[in-house]
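This is what each chain is made of:
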Amino acid sequence: MTNKKIFGTDGVRGTANIEPVTAETALKLGRAAGHVFKNLERQSRNRGRHRIVLGKDTRLSGYMLESAISSGILSMGVDVLFIGPLPTPGVAYVTRSLRADAGIVITASHNPYDDNGIKFFRPDGYKLDDKIEFEVESLVFSGQIESIRPTADEIGKAVRIEDALGRYIEHAKASFPRGMTLEGMRIVVDCAHGAAYKSTPCVLRELGADVITYGNQPDGKNINKDCGSMHPNLMCQKIWEHRADVGLAHDGDADRVLLCDESGKLVDGDDIMAIAGLDLLANGGLRDKTVVATVMSNAGLDAAIGQAGGRVVRTPVGDKNVIDEMLRNGFDLGGEQSGHMIFRDFSSTGDGLVAALQILRIMKAKDAPLSKLTKCWTRFPQLVTSVVVREKTPFESLDSVLQLVADAEADLKPQGGRVLLRYSGTEPKARLLLEGRDAAALEKWSLKITGAIKKQIGA
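Focus: the nonpolar core
Part 1: Counting residues in hydrophobic clusters, the biggest one holds 64 residues, and the most contacted among them are L182, I187, L204, L259, L360 and L370.
Part 2: Setting aside residues no more than four positions away along its own chain, L204 makes contact with L182, I187, V189, A209, V211, L248, L357 and L360.
Part 3: Among the nonpolar cores identified, the runner-up in size contains 33 residues, and V21, I52, I73 and I118 belong to it.

With respect to the pairing of strand β8 (residues 210-214)
The two faces of a sheet get side chains in turn, since along a regular strand they alternate between them.
Part 1: In terms of strand pairing, strand β7 (residues 186-190) meets β8 through 5 bridges, oriented parallel. Paired with V188 across the strands is I212, a residue of β8.
Part 2: After leaving β7, the chain enters helix α6 (residues 199-206) and then returns to the sheet as β8, a path that is right-handed.

Re the sheet that holds β7
Part 1: With mixed pairing, 5 strands are arranged side by side in an open sheet as β8-β7-β9-β10-β11. Edge positions in the open sheet fall to β8 and β11 (266-267), since each of these has one partner strand only.
Part 2: Against the sheet, helix α7 (residues 233-242) makes contact with β7, β8, β9 (246-250), β10 (257-260) and β11, and its axis sits at roughly 150 degrees relative to β7, the strand it touches most.

Some details on the packing of aromatic side chains
Part 1: One pass over the structure, following the stated rule, counts 3 aromatic pairs.
Part 2: Geometrically, the ring pair formed by F7 and F120 is tilted, given 5.7 Å between the ring centres and 55 degrees between the ring planes. Taken together, the positions of F7 in the segment before β1 (12-15) and F120 in strand β5 (residues 115-121) put the pair 113 residues apart, joining distant regions of the chain. With respect to class, F7 is no different from F120; both count as buried.
Part 3: With 4.2 Å between their ring centres and 10 degrees between their planes, F395 and Y423 make a pair best called stacked. With F395 in the loop between β16 (382-388) and α13 (401-412) and Y423 in strand β17 (residues 418-423), this residue pair connects regions lying 28 residues apart in the sequence. The pair F395 / Y423 is uniform in exposure class, with both members buried.
Part 4: Within the aromatic cluster, the residues linked to one another by ring pairs are F7, F37 and F120.
Part 5: The ring of Y63 has K56 lying over it, and the distance from NZ or CZ to the ring centre is 4.0 Å.
Part 6: A cation over an aromatic ring shows up here: K448 above the ring of W445, its NZ or CZ 4.7 Å from the ring centre.

Remarks on the side chain of E325
Part 1: Along the chain, E325 falls in helix α10 (residues 319-329).
Part 2: Apart from the residues lying within four places of it in its own chain, the contact partners of E325 are V292, V313, T315 and F331.

Concerning the packing of helix α8 (residues 269-282) against helix α9 (residues 299-307)
Part 1: Contact pair α8 / α9: the axes reach a minimum separation of 10 Å and the direction vectors enclose 10 degrees. Classified by the angle between their axes, α8 and α9 sit roughly parallel to one another. Between α8 and α9, the contacting residues are D270, M273, A274, G277, L278 and L281 on the first element and L301, A304 and I305 on the second.
Part 2: Its residues placed into classes, the contact of α8 with α9 shows 7 nonpolar, 1 polar and 1 charged.

Side note on the environment of I359
Part 1: With respect to the secondary-structure elements, I359 resides in helix α11 (residues 352-366).
Part 2: What makes I359 buried here is its relative accessible area of 2%.
Part 3: Beyond its immediate sequence surroundings of up to four residues, I359 is in contact with L259, I272, I275, A276, L370 and L373.

A look at the state of the cysteines
Part 1: By the definition in use, this model includes 0 disulfides.
Part 2: Looking at C260, it has no disulfide partner, and the nearest cysteine sulfur is the one in C236, 3.2 Å off.

Topic: the side chain of K320
Part 1: Inspection of the secondary structure puts K320 in helix α10.
Part 2: Among the residues examined, K320 registers a relative accessible area of 16% and is labelled buried.
Part 3: When residues no more than four places from it in sequence are discounted, the contact partners of K320 are T9, L128 and D130.

What to know about helix α4 (residues 130-142)
Part 1: Look at α4: 18 Å from first C-alpha to last across 13 residues, which is about the 18 Å you get at 1.5 Å a residue.
Part 2: Burial in α4 covers these residues: I132, E133, V136, E137, S138, L139, V140 and F141.
Part 3: Structurally, α4 contributes buried residues whose contacts are with α1 (23-39).

Points about the sheet that holds β16
Part 1: If you walk across this open sheet you meet the 3 strands as β16-β18-β17, and the pairing is antiparallel. Pairing within the sheet leaves two strands with one partner each, and these edge strands are β16 and β17. Strand-to-strand twist in this sheet, taken as the mean axis angle between neighbours without regard to direction, amounts to 10 degrees.
Part 2: Both β16 and strand β18 (residues 429-435) contribute to a ladder of 7 bridges, which runs antiparallel. Looking across to β18, one finds that V384 is bridged to L433.

Some thoughts on unusual backbone geometry
Part 1: Of note, the bond from E19 into P20 is cis; its omega dihedral lies within 30 degrees of zero at 5 degrees.
Part 2: Tracing the sequence through the fold places P20 in the loop between β1 and α1.
Part 3: Positive phi is not limited to glycine here, since A152 has a value of about 50 degrees.
Part 4: Topologically, A152 is positioned in the loop between α4 and β6 (158-160).
Part 5: Residue classification places A152 among the exposed positions, given a relative accessible area of 65%.
Part 6: Look at A192: it is not a glycine, yet its phi comes out positive at around 60 degrees.
Part 7: As for its placement among the helices and strands, A192 is situated in the loop between β7 and α6.

Overview of the packing of helix α5 (residues 164-173) against α6
Part 1: Between α5 and α6, whose axes approach to 10 Å, the crossing angle comes to 50 degrees. Classified by the angle between their axes, α5 and α6 sit oblique to one another. In this structure, the crossing between α5 and α6 has a hand that is right-handed. Residues L165, Y168, I169, E170, A172 and K173 of α5 pack against S199, C202, V203 and E206 of α6.

Definitions and cut-offs
Once a new chain begins, its residue numbering starts again from 1 and follows that chain's sequence as written. Totals for whole chains, interfaces and linings use all residues, but because this is a predicted model, local features are given only for residues with pLDDT of at least 70 and pairs of side-chain atoms are given and counted only at 80 or more. Working from all heavy atoms in the structure, the side-chain values ignore hydrogens and water. By convention a nonpolar core is built from buried Ala, Val, Leu, Ile, Met, Phe, Trp, Tyr and Cys residues, the set being connected through side-chain atoms within 4.5 Å. Only protein chains enter the area calculation, which uses a 1.4 Å probe; residues under 20% of their type maximum are buried, those over 50% are exposed, and those in between are partly exposed. Contacts are assigned to residue pairs with any non-hydrogen atoms lying within 4.5 Å of each other. When DSSP finds two or more bridges between two strands, those strands count as paired. Numbering of helices and strands starts at the N terminus; helices are DSSP runs of H or I of at least 4 residues and strands are runs of E of at least 2. Consider the strands pointing away from the viewer: the crossover is right-handed when the path from the first strand over the helix to the second runs clockwise. Whenever a helix is involved, its axis is fitted only over the stretch in contact; in every case the axis is a line through C-alpha atoms, and angles between N-to-C directions fall within 0 to 180 degrees. Between rings of Phe, Tyr and Trp, where Trp is taken as its six-membered ring, a pair exists when centres lie within 6.5 Å; planes separated by under 30 degrees are stacked, by over 60 edge-to-face, and by other angles tilted. Counted as over-ring charges are cases with an Arg CZ or a Lys NZ within 6 Å of the ring centre that also lie within 35 degrees of the ring normal. The scheme is simple: roughly parallel for angles under 35 degrees, roughly antiparallel for over 145, roughly perpendicular for 65 to 115, oblique for anything else. Each residue is assigned to one class: nonpolar for Ala, Val, Leu, Ile, Met, Phe, Trp, Tyr, Cys and Pro, charged for Asp, Glu, Lys and Arg, and polar for all the others, Gly among them. For this text, the term disulfide refers to a pair of cysteine sulfurs within 2.5 Å. Expected span, for any helix, means 1.5 Å times one less than how many residues it has. Left-handed describes a crossing whose near helix is turned anticlockwise from the far helix through less than a right angle; right-handed describes the clockwise counterpart.

Take a look at the structure:
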């Protein structure tokens, strides 16, 4: 029974009140987490009681899950520190700051409001290792801890940490240079009616900016709805209305950010990595001269960073993969095209506010508008094609497909291009991504490769 899975690529996630995101499973998860974290060896532990920080975003189902998880934790003799709605990076930071045994955040990030999820953090604010995740999962299904029932004063106690928001605000502000302000800057902020609805506008105002805020009236059901980084057109439109200098949009738990320049043009994660990476390289601040990106980032990023004497290391899709690579090798800048940025000098997880502050810092230091900063690199032409397939036959079993891919690579690679062929994880589709400096060559290879796939397994 222990081989069942509730953890996905990023914690537990699904539709709220349908397994595994139910009060019953949340209670078991709370019990299992309480047990595992209580028994993890902690070198520097000098105090008696064990504590877990519990935060959430603004979804309606957060109340239900928060109560269930906390009941489970308390029943194992572990204290719960409630910190209310706070961005995911805020929960990670407060976990570290309060020296708790672990942190838990109840969020489904950029998903619609009827979804929810549960993510765990280690004491140092980094995401949980797979090994510990597996241990928690096994305990949920095995019933092994059914008999562990602390009584009397051994039961855990719950307290609300009133200054958690203030702690995170001060932490975010500390990532911006002392003595520099945002005075004279008008910034449009779209908080997606999510967890950053107080923190981001507050930090920017305290640093001196003139802030115009949208998406800051969460009602439990409007998180990510037609707003935020999932729908950045709202932010880009408001730039014009308010004649603002820059716009920023978060997702529901604010671990990502997309920006918009003064002309209303969207600035994505690749732009942010190029601007910040080149700035750090020029100032000797980029560890091992390396930026970590996923396979989805544009090849122009490699070209720009390479030209400046650095390099880009690629990982599979997912911020967990980016962070794992950064931790393994001590790199300090990484991210995804979607706006998940990790500046490890300031944060242990993706932090949309900290990422935005780094770009605002560069704008201030160079006294340049964002549109000028984005000209530091050139996006390669990119062509993405999907083929609907009857079945997902391994590509090596298909006639001539891998040979065509190899030929395309040989043609595009000398000019810095690349080819990426994979099956979709969620749909019956083969996806082909081609990049290079010559759009006509991309078109030619796309027709050849997708033609060969269609002929053999096209639906």
